[in-house]
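# Structural description and commentary
Listed below, chain by chain, are the residues.
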Amino acid sequence: MMTGPDSEKTKDYTRRLKAAVSAFYGEVRKDDMLGPVFAARVHDWDSHIEKITNFWLCVLLASGEYKGSPVATHYAFRDHLSPQMFGRWEALWKESLVQFFDPDEARHILYKTTRISGSLQTVLFDGVQRFLSGNGLLHSRRDEV
Ligand code: HEM
């Protein structure tokens, strides 16, 4: 979006993103497949939602404060993840996005989502982890996805 960080458009986009992330985790927590994976690891939902909103602001608007490491984070509990779970995760995220974004906006976010999800799954399930950790890439702080 070609607008400044304080523009009304950016504020509105940020507000809707936070609403979509909150709605998404509301559904995730109720989900039979995904709920237990999160319940075991997320103990402060407000701060998780804030972190993930910042992650998306970083991806979508090149703003926000996110400095985490999604690859290393998910890698740590890869034994509890499966490609089927990623399919479910993406379906719930899509359902939440369409509530707050128009079709073009939602399509753009889903395009980014699919790419990031695909990169994560490649690392988690395709056996490249040995290559990445051997090169120190798995634990680099940014830009793994
Ligand atoms: C099966 C699918 C997924 C599951 C079950 C899952 C689960 C989780 C859990 C439990 C955490 C919190 C970990 C912790 O704080 O210790 C987390 C963090 C995170 N997830 Fe996922 N996730 C999934 C897919 C995705 C996808 C597709 C994306 C991005 C498109 C994503 C982005 C993130 C980010 C940015 C964090 C924060 C990492 C950090 O601490 O910096 N996740 N995820």
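Let us look at the structure shown here. Computed from a prediction, not measured in an experiment: that's the story for all the values here. (Residues numbered from 1 in each chain as written. Predicted model: local features only at pLDDT ≥ 70, side-chain atom pairs only at ≥ 80, totals over all residues.)

### Overview of the overall build of the protein chain
Note the cut-off: Strands are runs of DSSP state E lasting at least two residues, helices are runs of H or I lasting at least four, and both sets are numbered from the N terminus onward. Remark: residues whose backbone-derived C-beta atoms lie within 7 Å of one another are considered to be in contact.
Looking only at helices and strands, one finds seven helices and zero strands in the protein chain. The order of α-helices and β-strands along the protein chain, N terminus first, is α-α-α-α-α-α-α. Contacts spanning at least 24 positions in sequence make up 65% of the contacts within the protein chain whose residues lie at least 6 apart.

### Looking at helix α3 (residues 45–61)
For clarity, the threshold we go by: Residue count minus one, scaled by 1.5 Å, sets the expected span of a helix. We call a residue exposed when 12 or fewer other C-beta atoms sit within 10 Å of its C-beta, buried when the count reaches 20 or more, and partly exposed for counts in between; the C-beta positions come from the backbone. The directions considered for the arc run from the helix axis to the C-beta atoms.
The terminal C-alpha atoms of α3, which comprises 17 residues, lie 23 Å apart, in line with the 24 Å expected from a rise of 1.5 Å per residue. The set of residues buried in α3 consists of T53, N54, W56 and L57. The buried residues of α3 all sit within an arc of 165 degrees when viewed along its axis, so they share a single face. In the stretch just after α3, A62 is the one whose phi turns positive, near 50 degrees.

### A few points about the packing of helix α1 (residues 8–30) against helix α5 (residues 83–100)
A pair of packed helices can be characterised by two numbers: the angle between their axes and the separation between those axes. For clarity, the threshold we go by: Fitted lines through C-alpha atoms give the axes, limited to the stretch in contact for helices. The angle between two N-to-C directions lies from 0 to 180 degrees. It is the rotation of the near helix from the far one that decides the hand of a crossing: anticlockwise by less than a right angle makes it left-handed, clockwise makes it right-handed. Only Asp, Glu, Lys and Arg are considered charged in this grouping, and only Ala, Val, Leu, Ile, Met, Phe, Trp, Tyr, Cys and Pro are considered nonpolar; every other residue, Gly among them, is considered polar.
Where α1 contacts α5, the axes come no closer than 8 Å and their chain directions differ by 140 degrees. Considering the relative orientation of α1 and α5, their crossing is right-handed. Packed against α1, whose contacting residues are R16, A19, A20, A23, F24, E27 and V28, the element α5 presents L92, W93, E95, S96, L97, Q99 and F100 at the interface. Split into classes, the residues belonging to the contact of α1 with α5 amount to nine nonpolar, two polar and three charged.

### Remarks on the nonpolar core
Using the following cut-off: Joined through C-beta atoms within 7 Å, a set of buried Ala, Val, Leu, Ile, Met, Phe, Trp, Tyr and Cys residues constitutes a nonpolar core.
Grouped together as the largest cluster of nonpolar side chains are 11 residues: L17, A20, V21, F24, V28, W56, L57, L92, W93, L97 and I109. Residue assignment for this core shows that the elements contributing at least two residues are α1, α3 and α5. In terms of residue count, α1 provides more of this core than any other element does, five residues in total. Apart from residues lying up to four places away in sequence, A20 is in contact with S96, L97, Q99 and F100.

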